[in-house]
Amino acid sequence: MAAFNVHVTIENKPGISDPEGETILNDLVLKGGDSAISKIKTAKMLKFTIKEKDKKSAQTKVQKICDELRIYNPMVSNITVEVFDA
Amino acid sequence: MKVGVVVFPGSNCDRDMYHVLTDVFNLDAQYFWHDKGLPKNIDAVILPGGFSYGDRLRSGAIAAHSPIINDVRKMADKGIPILGVCNGFQILVEAGLLPGALLKNTSLNFMCNWTSLIVENNKTPFTNKLKLHQKIPIPIANGEGRYYVDDETLKKLKKNNQIVFRYSEVVNGSTDRIAGVCNENGNVVGMMPHPERAAESAINPIDNKPSSLIFESLINTIGVKN
């Protein structure tokens, strides 16, 4: 068994308005003069530390927890699960 | 006829709800702490507003897994009237008892205002004394009150007559101005505004009668006052 850090990003699905991201873009970044930025989206990240036999098992386990416990609301959000060596 | 008021860590409208049920409408109400079950002799269940678990993760997401929710789910299946108000609505949604999601208001503000609802379904246990399209002056008090459903679910809600209340004007960016919905059977109702803060003339400067009818509807459904 090895330890892994699993990062779960919970993000609203495309098309759902994100007033916080829009405010950061329009009232901070664009006003700061960096016109190269066209979009900012807010998200929430949970960082799990888990002991599993390999990266694949760590990813499957965390994905299962997120689905079963509704860590995200599937009506409105998607998650991405990334695994790193701890 | 007994009404259960479920209390979660962080509920803060439980006593207002209990007061209205008992002192205003003379119902037999009882508090139930979230980590225990519900007795079988309960005729209706109300999940009150507040900030269960401090809105951690997101509003209602953690309370939706409290042990009492298993019993609420069983009662919902049996057709017992269940009402979720504000955080109670968020909990019912996160428990999957009602469809959708509640997102941060478009303004990003905690909104504490008087608003006006339109009754869209007067067949539920909590709206059967109201007239269709009747207006209800009522306060809202929430930060995550923007009801969201995808297009497919919205079609289903309309087809099954599951939209119970709409705001009379755009308030917080909710899909189709939805303020309250019910399950397919109509016995589980969730709403963001607070009828318990509007059912008495002493605290309702506009008109307390329409909000009173939400509780009168419940009495009409579960039986006479004690």
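Note: the structure precedes this text.
Residues numbered from 1 in each chain as written. Chains lettered and ligands numbered in written order. Predicted model: local features only at pLDDT ≥ 70, side-chain atom pairs only at ≥ 80, totals over all residues.

Examining the nonpolar core
Moving on, step 1. Of all hydrophobic cores here, the largest spans 70 residues; its most connected members are B:Val45, B:Ile46, B:Ile82, B:Leu92, B:Val188 and B:Met191.
Moving on, step 2. The biggest single contributor to this core is helix H2 (residues 68–78) of chain B, with 5 residues.
Moving on, step 3. Excluding its chain neighbours within four sequence positions, the residues that come into contact with B:Ile82 are B:Val45, B:Val72, B:Met75, B:Ala76, B:Asn187 and B:Val188.
Moving on, step 4. If you look at the next biggest cluster of nonpolar residues, it comprises 5 residues, including A:Phe4, A:Val6, A:Ala58 and A:Val62. (Core = buried A, V, L, I, M, F, W, Y, C linked by C-beta atoms within 7 Å. Buried ≥ 20, exposed ≤ 12 C-beta atoms within 10 Å, placed from the backbone. Helix = DSSP H or I, 4+ residues; strand = E, 2+ residues; numbered from the N terminus. Contact = placed C-beta atoms within 7 Å.)

Let's talk about the interface of chain B and chain A
Moving on, step 1. Counting from both sides, the interface comprises 13 residues of chain B and, opposite them, 9 residues of chain A.
Moving on, step 2. Residue composition of the side of chain B that touches chain A, by class: 7 nonpolar, 4 polar and 2 charged. (Nonpolar A, V, L, I, M, F, W, Y, C, P; charged D, E, K, R; others polar.)

Some words on H2(B)
All names here are of chain B.
Moving on, step 1. Among the residues of H2, Ile68, Ile69, Val72, Met75 and Ala76 are the ones counted as buried. One face of H2 carries all of its buried residues, which in axial projection span an arc of 115°.
Moving on, step 2. Where H2 is buried, its residues meet strand S1 (2–7), strand S2 (28–33), strand S3 (44–47), strand S4 (82–85) and strand S11 (188–191).
Moving on, step 3. Just past H2, the residue Gly79 takes up positive phi, approximately 90°. (Arc of directions from axis to C-beta.)

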